[in-house]
Amino acid sequence: MSGVEIERVSFGYGGAPILDDVSLNVAKGEFFAFLGPSGSGKTTLLRLVAGFGMPSSGTIRVGARDVTLVPPWKRNVGMVFQSYALWPHMTVEANVAFGLEQRGLPRAEIGGKVRRGLELVGLSQLAERRPAQLSGGQQQRVALARTLVVEPEVLLLDEPLSNLDAKLRVEMRHEISALQRKLGLTTIYVTHDQEEANSVADRIAVLDGGRIQQVGTPVELYDRPANRFVATFLGTANILEGHVTGRQFQSGGISIPDIDRADGPAAMAFRPQDAQIAPPDGPGFGGTIARREFLGGTIRYSIAAGTHMIVVDVPHHRNASALEIGTPVSVMIEPARFVTLAG
């Protein structure tokens, strides 16, 4: 088992940059996620770690070994593809054995490793089936077992749950997380789904435009986003552009006191659950309910306040009365709940 070091890696096609000076470290045994929208460079970066491409510049190390120019079959890195890439004419057992056979292992050793691999993912009873006879979740497990049996130093997962329905995605991400913890295997997981990344990863690198925007734990990224992109990509955020004068923040008709930062232009953000709705004569700034969405555990209100539309989440309880559209209210936020954004 090894960690992964990516040092000043850039990559592009025909002069168009896809990755721009990317550096990060994945610790040994860590479950790490690359998170970002389509075109952010996250899958390209994963494929460079796997060896399916060479950086334009920079270095990639697995453990202490520089693998930048090493072909994929000599890196001892295992990758589970988005499409699973199973051989349709082979049984589950044969699919899992394929990588071991390519390495020239003795037949008896292959048989033992395949049995243990199928037991690990709970598919021992389906060894003789073919991929077309399996559900999407079962196919995903076969692809995972096929990768794990070759005992890679690092496991790479490229959007492995994107072909599954919503309920199965939740079940499978729990299974993958539990399996990674059990094996202690260094794992890098690519996804565009922030809920998925938050639920499985120890740390996350948020990418956009081929650059890393921020690296941190899920809680750090959510509570302390570094910039506008991170704040809005990881959940809903209210962002107010304005100016601080004498600890008073002014933005589009909204005034907020006791802001602990220097005078000057500022972009302040807060999450919908960090605000409270009060009667119109209460503390805070005034507004009017413009929209209401029932989300099950919460009711999401959009409140017209000055030139802004402020989103506030209120816990829903059985038989509770919701506020009607057009109701005047006050919005209260503790100054400590605000985050100052850069860039």
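I will try to describe carefully the structure that is included in this document. (Residues numbered from 1 in each chain as written. Predicted model: local features only at pLDDT ≥ 70, side-chain atom pairs only at ≥ 80, totals over all residues. Heavy atoms only, no water.)

**Section: the overall build of the chain**
Point 1. Within the chain, the regular secondary structure consists of eight helices and 20 strands.
Point 2. Counting only C-alpha atoms and orienting by the principal axes, one finds that the chain spans roughly 80 × 50 × 35 Å.
Point 3. Of all intrachain contacts in the chain linking residues separated by at least 6 positions in sequence, the fraction that spans at least 24 positions is 64%.
Point 4. Within the structure as shown, the chain displays about 16200 Å² of accessible surface, and the carbon and sulfur contribution to it stands at 52%.
Point 5. For the chain, the distance from the average site of its 34 positive side-chain charges to the average site of its 35 negative ones is 6 Å. (Helix = DSSP H or I, 4+ residues; strand = E, 2+ residues; numbered from the N terminus. Contact = heavy atoms within 4.5 Å. Areas by Shrake-Rupley, 256 points an atom, 1.4 Å probe, with all protein chains shown as cover. Lys, Arg positive; Asp, Glu negative; His and termini not counted. Charge placed at Lys NZ, Arg CZ, Asp CG, Glu CD.)

**Some words on the pairing of strand S3 (residues 31-35)**
The side chains of a regular strand alternate, residue by residue, between the two faces of the sheet.
Point 1. Extensive coverage of S3 is indicated by the burial of five of its five residues.
Point 2. Alternating positions in S3 separate into two faces, Phe-31, Ala-33 and Leu-35 on one and Phe-32 and Phe-34 on the other, with burial throughout.
Point 3. Bridge count between S3 and strand S8 (residues 186-191): five bridges; the pairing is parallel. Paired with Leu-35 across the bridge in S8 is Thr-191.
Point 4. Examined bridge by bridge, S3 and strand S9 (residues 203-208) share four bridges and lie parallel to one another. Bridging across to S9, Phe-32 finds its partner in Arg-203. (Buried < 20%, exposed > 50% of the residue type's maximum accessible area, 1.4 Å probe, protein only. Pairing = 2+ DSSP bridges.)

**Considering the packing of aromatic side chains**
Point 1. Summed over the entire model, instances satisfying the criterion amount to seven aromatic pairs.
Point 2. With a centroid separation of 5.1 Å and an interplanar angle of 80°, the aromatic rings of Phe-11 and Tyr-13 are classed as edge-to-face.
Point 3. On the basis of relative accessibility, which here comes to 11%, the residue Phe-11 falls in the buried class.
Point 4. Ring geometry for Phe-31 against Tyr-189: centres 5.9 Å apart, planes inclined by 45°, an arrangement best described as tilted. Linking Phe-31 in strand S3 with Tyr-189 in strand S8, this pair joins segments that are 158 residues apart in sequence. (Phe/Tyr/Trp six-rings, centres within 6.5 Å; stacked < 30°, edge-to-face > 60°.)

**Notes on the nonpolar core**
Point 1. By size, the foremost hydrophobic cluster in this structure holds 43 residues, and its most contacted members are Val-96, Leu-144 and Ile-204.
Point 2. The element best represented in this core is helix H4 (residues 136-148), accounting for five residues.
Point 3. Discounting chain neighbours no more than four positions away, the residues touching Leu-144 are Val-80, Leu-155, Leu-157, Ile-176 and Leu-179.
Point 4. With 27 residues, the next largest nonpolar core counts Val-22, Met-79, Leu-156 and Ala-205 among its residues. (Core = buried A, V, L, I, M, F, W, Y, C linked by side-chain atoms within 4.5 Å.)

**Examining the sheet that holds strand S17 (residues 298-305)**
Point 1. Reading across the sheet, the five strands line up as S15-S19-S16-S17-S18 and stay open at both edges, with antiparallel pairing between neighbours. Edge positions in the sheet fall to strand S15 (275-278) and strand S18 (308-315), since each of these pairs with one other strand and no more. Neighbour-to-neighbour, the strand axes of this sheet turn through a mean angle of 45°, independent of strand direction.
Point 2. As paired strands, strand S16 (residues 285-294) and strand S19 (residues 328-333) are joined by four bridges and run antiparallel to one another. Directly across from Thr-288, in S19, lies its bridge partner Pro-328. (Axes fitted to C-alpha atoms, helices over the stretch in contact; angles between N-to-C directions.)

**Quick word on the side chain of Asn-238**
Point 1. Mapped onto the secondary structure, Asn-238 falls in strand S11 (residues 238-245).
Point 2. There is a polar contact of 2.8 Å between the side chain of Asn-238 and the backbone nitrogen of Val-311.
Point 3. Apart from residues lying up to four places away in sequence, Asn-238 is in contact with Met-268, Ala-269, Phe-270, Arg-271, Pro-272, Met-309, Ile-310 and Val-311. (Polar contact = N/O pair within 3.5 Å; in protein donor to acceptor, adjacent residues only side chain to side chain.)

**So, the pattern of salt bridges**
Point 1. Applying the stated criterion across every chain yields a total of 18 salt bridges.
Point 2. Glu-7 is the partner of Arg-61 in a salt bridge, and the nearest nitrogen-oxygen pair spans 2.8 Å. With Arg-61 in strand S4 (residues 57-62) and Glu-7 in strand S1 (residues 4-13), the pair connects residues that are 54 residues apart, well separated along the chain.
Point 3. Judged by relative accessible area, Glu-7 falls into the partly exposed class, the value being 34%. (Salt bridge = Lys/Arg side-chain N within 4 Å of Asp/Glu carboxyl O.)

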